[in-house]
Amino acid sequence: MRNLRFIEIVLGWSIVLATAGLSGTPGAFAQFGPLVNTMNAPQAKTEEELDLYLELAVSTNPRASMEIAERFAAKYPESELLGLVYEYEMQACQRLGDFEGTLRAGRKALELLPDNADTQLTLASVIPDHAQGREDSTKLLREAEEYARRSLRELSTMRIPKEILPDRWKTLRGQLEAQAHEALGKIERARENLEGTISEFALAASQNPVPQGTQFLELGAAYAQARRPEEAKKAFQRAIELGPDSVRGVAQRELAKIAGNRTP
Amino acid sequence: MSLGTQRVLTELAEKLSWVILLACLSGDCLGALVVASPWSSSDETPPADLQEVKTLARQHRWSEAATQVDALLKQHPDDPRLFYWQGVARFQLADSIGAIMAFRSAERMGLDTADLHKSLGYAYWKIHQYTLFEQQIQKAIQLNPSDYESYYALGRHYQSIRDDCTKAEEYLHKAIQLKPDQPKAIFSLAVCQEMLGHRDDAMATYTEAMNLVEAKHEKYPWPFQEMARLLLSQDPDQALKLAQRAVELAPQLNAAHQILAKVEDAMGKYPEAIAEQLTVARLDPSNPSPHYALFVLYKKTHDLEAAQAQLKQFQELNALYAQP
């Protein structure tokens, strides 16, 4: 599960949208929020094509979303909306825990919208969770790293619509960069590179303008694994402060383990 | 794009923040127009309880109207007019997607009125589906060829989105034929004339729009601004009066302050120009152009520290925001 909810923004392909407060259904309508260039918005050629796209956009059932996305792709293979349809399919597969489907749909989305930072970050985050123990693990992790680094490059040069004010963008960009570093941390962890893991998780946790308990929890775990109990303790304590409850519970158990290890 | 249009566009880009104008033109396209749609000519024999929805709509109590329509739809799920009204309420509640889905339901159930097509078109426009917008407005025109709004909306659309001033002119002329006293349509026509290189015609049309604004006591500053810009080199005193009038009509409109600042700058009134550009920067915080103007103005007044600070802000914003 992504720590940062991209339901609030979708980045890339010259689009940034901030749908919360605009559409009523945050994040669902990638190309319908503020655009850098409205003239370049993907156009449905027929009302029926848009009907089906909107059906997908408002769908809250991931299985239904997958079915609609597949129907859309079969019916409108030349649609300008197809890249976004695959992105929805990727998100639906992710919600269903279907890694292969997530990967397949995400790759298709990036074929059509190669600069879509949302898709890049989703794949970068998901791949390391499933790469271990697979024959193609090394290749997959390299792919995930490429996505994370591309998203960071994209974020550093991205032009945004004027509706998003500079301060708001600063926060959003910080959150997204933190997510990219978190993904890189997971990739390094899967590669069993402990120093790299700590370095990336530390960047994610410390640079996020909206600090996340999960990121401090991951950092604490990495420190604990590296036998750096004081730093681990601080990170777990911060995770407990930030929550949510599921994070808090794990962090408390980890803290107790550290304390237990010290007890003679 | 013709050479004439390119020339005018270049001139505009230099002298005025064109994107602001386009945003403003586009912005009001879907503002006032849809508010007018509740009075549907197709609803002459509505179910008795639909009157309450219409009353709520006239009072702009959209949330309550939406609730009322949803309740009625439970009792009359086959009534396409209720889906139409659901669409209108959702549109007004800034739910363009919900509006489209409701309007499409009405359409699929057989409702075929100019108001439905126009409203659906506006909702498409709102989510940047311009091809579908054009199709729907054309359908609305077929069903009601004497509807000013449809021609005006198409005119504005072709001018601001399609960059096709020839077509825009055609629709705006029709709109003006139907309602000759609408300053917004006349102003839009003047913009088209200017973009097509017909400067004298444009000036005459801006003047006509200004006269109408004054006669009708409307708060519509755009013709004053554009006329001020055009007069700047030949009659700066008159340009200043017009720019000041634009600010008076719309004190919260950054573009009005920007024109005034440019006029004051050209007249050597640097402190006044600085004050206006600071207002522009406050009203439009993502716009880099006032910061560059301030950089230049502070340099002129030998305040190099302030100039450098403004240049830095300009560079930061310019790197972040797409330019027109």
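Residues numbered from 1 in each chain as written. Chains lettered and ligands numbered in written order. Predicted model: local features only at pLDDT ≥ 70, side-chain atom pairs only at ≥ 80, totals over all residues.

A count of helices and strands for chain B gives 19 helices and zero strands. The burial tally for chain B puts 51% of its 324 residues in the buried class. Contacts spanning at least 24 positions in sequence make up 49% of the contacts within chain B whose residues lie at least 6 apart. (Helix = DSSP H or I, 4+ residues; strand = E, 2+ residues; numbered from the N terminus. Buried ≥ 20, exposed ≤ 12 C-beta atoms within 10 Å, placed from the backbone. Contact = placed C-beta atoms within 7 Å.)

Glancing now at the overall build of chain A. Of regular secondary structure, chain A possesses 11 helices and two strands. Beginning at the N terminus, the succession of helices and strands in chain A can be written as β-β-α-α-α-α-α-α-α-α-α-α-α. For chain A, the proportion of its 264 residues judged to be buried stands at 50%. A sequence separation of at least 24 residues applies to 53% of the contacts in chain A between residues at least 6 apart.

Residue and element names in this part refer to chain B. Interaxial distance between helix α10 (residues 148-160) and helix α11 (residues 165-178) falls to 7 Å at its minimum, and their mutual angle equals 155°. Between α10 and α11, the crossing angle belongs to the class labelled roughly antiparallel. The way α10 lies across α11 gives a crossing that is left-handed. Residues Tyr148, Tyr151, Tyr152, Leu154, Gly155, Tyr158 and Gln159 of α10 form the contact with α11, whose own contacting residues are Cys165, Lys167, Ala168, Tyr171, Leu172, Lys174, Ala175 and Leu178. Tallied by class, the residues present in the contact of α10 with α11 amount to 11 nonpolar, two polar and two charged. (Axes fitted to C-alpha atoms, helices over the stretch in contact; angles between N-to-C directions. Parallel < 35°, antiparallel > 145°, perpendicular 65-115°, else oblique. Left-handed = near helix turned anticlockwise from the far one by under 90°. Nonpolar A, V, L, I, M, F, W, Y, C, P; charged D, E, K, R; others polar.)

Next up on the list: the confidence of the model for chain B. The pLDDT averaged across chain B works out to 86; a share of 84% of its residues lies at or above 70. Mean pLDDT across the elements of chain B bottoms out in helix α2 (residues 18-29) of chain B (34) and peaks in helix α15 (residues 236-249) of chain B (98). (pLDDT = per-residue confidence, 0-100.)

With that out of the way, let us pick up unusual backbone geometry. For the bond running from A:Gly243 to A:Pro244, omega is 0°, close enough to zero to count as cis. In this structure, A:Pro244 sits in the loop between α10 (229-242) and α11 (245-262). At A:Glu192, a residue that is not glycine, the phi angle is positive and equals roughly 60°. Mapped onto the secondary structure, A:Glu192 falls in the loop between α7 (166-190) and α8 (194-207). One non-glycine residue, B:Ala94, lies in the positive phi region at around 65°. Checked against the element boundaries, B:Ala94 lands in the loop between α6 (80-92) and α7 (96-108). You can call B:Ala94 partly exposed: it has 14 C-beta atoms within 10 Å.

Residues and elements named next belong to chain A. Interaxial distance between α7 and α8 falls to 8 Å at its minimum, and their mutual angle equals 160°. The pairing of α7 with α8 is recorded here as roughly antiparallel in orientation. As α7 runs across α8, the sense of the crossing is left-handed. Facing Gly174, Glu177, Ala178, His181, Glu182, Leu184, Gly185, Glu188 and Arg189 of α7, the residues of α8 in contact are Gly196, Thr197, Glu200, Phe201, Leu203, Ala204 and Gln207. A per-class count over the contact of α7 with α8 returns five nonpolar, six polar and five charged.

Right, let's get into the confidence of the model for chain A. In this model, chain A carries an average pLDDT of 85, and 84% of its residues clear a pLDDT of 70 or more. Here residues 1-31 of chain A scores under 50 on pLDDT; set against residues more than four positions off or in separate chains, the count is 90 contacts.

For the rest of this paragraph, the subject is α7(A). In this model α7(A) runs 36 Å from its N-terminal to its C-terminal C-alpha over 25 residues, within 8% of the 36 Å that 1.5 Å per residue would give. Among the 25 residues that make up α7(A), 18 are buried, leaving the element largely enclosed by the rest of the structure. (Expected span 1.5 Å × (residues − 1).)

Our focus in this paragraph is the nonpolar core. With 142 residues, the main nonpolar core has A:Tyr53, A:Val85, A:Ala144, B:Ala228 and B:Ala243 as its most contacted residues. When residues no more than four places from it in sequence are discounted, the contact partners of B:Ala228 are B:Ala239, B:Leu242, B:Ala243, B:Ala246, B:Ile259 and B:Val263. Counting 21 residues, the second-largest nonpolar core is a separate cluster that includes A:Phe201, A:Ala202, A:Phe236 and A:Ala251. (Core = buried A, V, L, I, M, F, W, Y, C linked by C-beta atoms within 7 Å.)

Residue and element names in this part refer to chain A. For Arg142, the position within the fold is in helix α6 (residues 137-157). Residue classification places Arg142 among the partly exposed residues on the basis of 14 C-beta atoms within 10 Å. Spatially, the C-alpha atom of Arg142 lies 8.5 Å from that of Ile187, the residues being 45 residues apart in sequence.

With that out of the way, let us pick up the environment of B:Pro180. Residues and elements named next belong to chain B. Mapped onto the elements of the fold, Pro180 is located in the loop between α11 and α12 (183-195). On the basis of neighbour counts, which here come to 12 C-beta atoms within 10 Å, the residue Pro180 falls in the exposed class. When the C-alpha positions of Pro180 and Gly197 are compared, they lie 23 Å apart, and in sequence the two are 17 residues distant.

Residue and element names in this part refer to chain B. In this fold, Gln252 is placed in the loop between α15 and α16 (254-266). The exposed category is assigned to Gln252, around which 9 C-beta atoms lie within 10 Å. Measuring from C-alpha to C-alpha, the distance between Gln252 and Arg229 comes to 19 Å, with 23 residues separating the pair along the chain.

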